[in-house]
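Chain residues, written in single-letter form:
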Amino acid sequence: MSYVNLPYGMDDFEKVRTSNCYYIDKTMFIRELLNETFDINLITRPRRFGKTLTMSMLAAFFDIRKDSKEIFEGLEITADKAFCDKWMNQWPVLFLTLKDVEGDNFESAYDMLKYAVSSLCIEHAYLGNSEKADSADRSSFAKLKNRNGADADILSALHILTRMMKAHYGKSVILLIDEYDVPLAKASDNGYYQEMLNVVKRFLGMAWKTNPALKFGVVTGCLRLAKESIITGSNNFISNSISNRRYNRYFGFTEREVCELLAAAGYLQELLEMKRWYDGYRFGGMEVYCPWDVINHVRALTENEQARPGNYWLDTSHNNIIRRFIELPGMNVSRKFEVLLGGGVIREAIREDLTYDIAHSSEDNIWSILYLTGYLTQASPRETADDTGFVEGKMALCIPNEEVKSVFGLTVKQWFEDKLQTRDRRELFQNWWDGKDEKLTQDISDILFDTISYFDYKEDYYHAFVTGLFSGAGYDVKSNSEQGGGRADIIVREQRRRRALVIEVKWSGKKSSNLENECQDALKQIRERQYTRQLRQEGYKTILCYGAAFQGKECLIQVEGQF
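The model shown is predicted, which means the values in this text are computed figures rather than measured ones. (Residues numbered from 1 in each chain as written. Predicted model: local features only at pLDDT ≥ 70, side-chain atom pairs only at ≥ 80, totals over all residues. Heavy atoms only, no water.)

**A short note on the overall build of the protein chain**
- The secondary structure content of the protein chain amounts to 23 helices and 16 strands.
- Dimensions of the protein chain, computed from C-alpha atoms along their principal axes, come out at roughly 90 × 50 × 50 Å.
- Counting all 563 residues of the protein chain, 55% fall into the buried class.
- In the protein chain, the proportion of contacts linking residues at least 24 apart, taken out of those at least 6 apart, comes to 72%.
- For the protein chain, the accessible surface area stands at approximately 24600 Å², while carbon and sulfur atoms represent 45% of it. (Helix = DSSP H or I, 4+ residues; strand = E, 2+ residues; numbered from the N terminus. Buried < 20%, exposed > 50% of the residue type's maximum accessible area, 1.4 Å probe, protein only. Contact = heavy atoms within 4.5 Å. Areas by Shrake-Rupley, 256 points an atom, 1.4 Å probe, with all protein chains shown as cover.)

**Considerations on helix H12 (residues 255-265)**
- Those residues of H12 that fall on the buried side of the exposure criterion are Glu257, Val258, Leu261, Leu262 and Ala265. The arc that holds every buried residue of H12, seen down its axis, measures 130 degrees, which confines them to one face.
- Buried residues along H12 sit in contact with helix H13 (271-278) and helix H14 (291-303). (Arc of directions from axis to C-beta.)

**Re the pattern of salt bridges**
- For the structure shown, the criterion picks out 35 salt bridges.
- A salt bridge links Arg163 to Asp137; the shortest N-O distance between them is 2.8 Å. In this pair, Arg163 is assigned in helix H9 (residues 157-169) and Asp137 in helix H7 (residues 135-145), connecting sequence segments 26 residues apart.
- Among the residues examined, Arg163 registers a relative accessible area of 37% and is labelled partly exposed.
- Residue class for Asp137 comes out buried when judged on its relative accessible area of 8%.
- Taking the shortest distance from any N to any O, the salt bridge between Arg299 and Glu303 comes out at 3.9 Å. (Salt bridge = Lys/Arg side-chain N within 4 Å of Asp/Glu carboxyl O.)

**Comments concerning unusual backbone geometry**
- Although it is not a glycine, Asn20 sits at a positive phi angle of roughly 60 degrees.
- Take Asn20: it is sitting in the loop between helix H1 (13-18) and helix H2 (28-33).
- Residues other than glycine seldom take positive phi values, yet Gln530 does so here, at roughly 55 degrees.
- Tracing the chain through its elements places Gln530 in the loop between helix H22 (515-528) and helix H23 (533-537).
- Taking the relative accessible area as the measure of exposure, Gln530 reaches 38% and is therefore partly exposed.

See below:
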């Protein structure tokens, strides 16, 4: 296989280029960005879709302090020489990311904002000695740099810095703010939302509200928060979300781009699996792959050619959003979750100007959050009866791919296990040990009916469901352990009383199937494959064998003694 130097974990454009990493050319975004006139351009996309790398690219292209000809050499944007002569390295640039401005409380988050401002001042330390800058601004700059500025200095920091930069260079400043809503998202999670909102409003608002030093600003985040007045004050504010067609090919990888990467690495045969797992996001009508996932999986293939697609979102933040949705009081979303997990489509009203403080206040808002953050996507026309995906103001939504489906499934599984652990299960366990299969049939059917199903009701789902019934109860539970002539589905041991359960799970995908026959087949399998033999050798005196047959949300449990 060919070696491809992947930009794994890199979001710095200059580093990607100087490290000779594989780069999917998105530089024409610069030209398209400037095809329209604006003061502030807010671009919202889910996490892991290249926002920071794109902002870093803009900084490298515009920054007057740099000579970027070499790192842009050979890229599409350089074909337009007149455009590059006018814009490349011709403008002062102030580039700030707020992705690290967070904390368990407001004080620690505010300290991180001070640190971010201080780092920005250190990067532009030349301003502190610039005779062209006003002396009062230089005094404030020194305090900001040393992290001992007053609140007024912190909140007006961007306004002060842009003013100093314009005075120093004699040109208006391009302001780039990356992940502008992270401080608010984290504040909402940790209970200091209103305090952080007041800070962010003034900190960002002063940067572009009637700021004569500003040429234009580009801002990225996950949500558009216009209702919070963060963006007010700009006469020419425009917003580009995942519903807009503009810029749709610049955030995410198109299938052609993924094919080219796989061909370069020698793994083109993996395209279908990659598509099933990481494609399916629809931005402005265009279907794209998540770049983070594609790069991670190609990297995994270079280390092990047999690597199967995995879930790379599990190591990123905000996966608790699904859990919070499920647990909201008064919301019965189980049926809709089951439709989505079964590969179906739901139709919901979507609003894009949410605020974090009301995001979880209604079911409609949370479907919007799941859509805007990439957990759901607009269903393609082939999955809907209409051409647009909209009916009566509602958008057709689906889970985009197998990776996100697995996030939903694993979240539901953990929720179910945690919910069970708060429930009094003593009678349920005693029924297992007493062999009361009729009572177990009724109780487990009731629990199943009250549970969100996932993985299309396949046998793996029921296997996990039964295993979850025993989770956190102090038993030794083994799934698919080696027993006798095969692998028993579930073994439950209680060593203190020298007793054990052997449970064989059967799933019937046919409505006409007989659960009684399925249970008998399960018990026959335990008997013929001698699943109890090792348990007897280990000294267990009481062994109960169960056949557990499932169909939809119905079950039948039957018991026999040890074989």
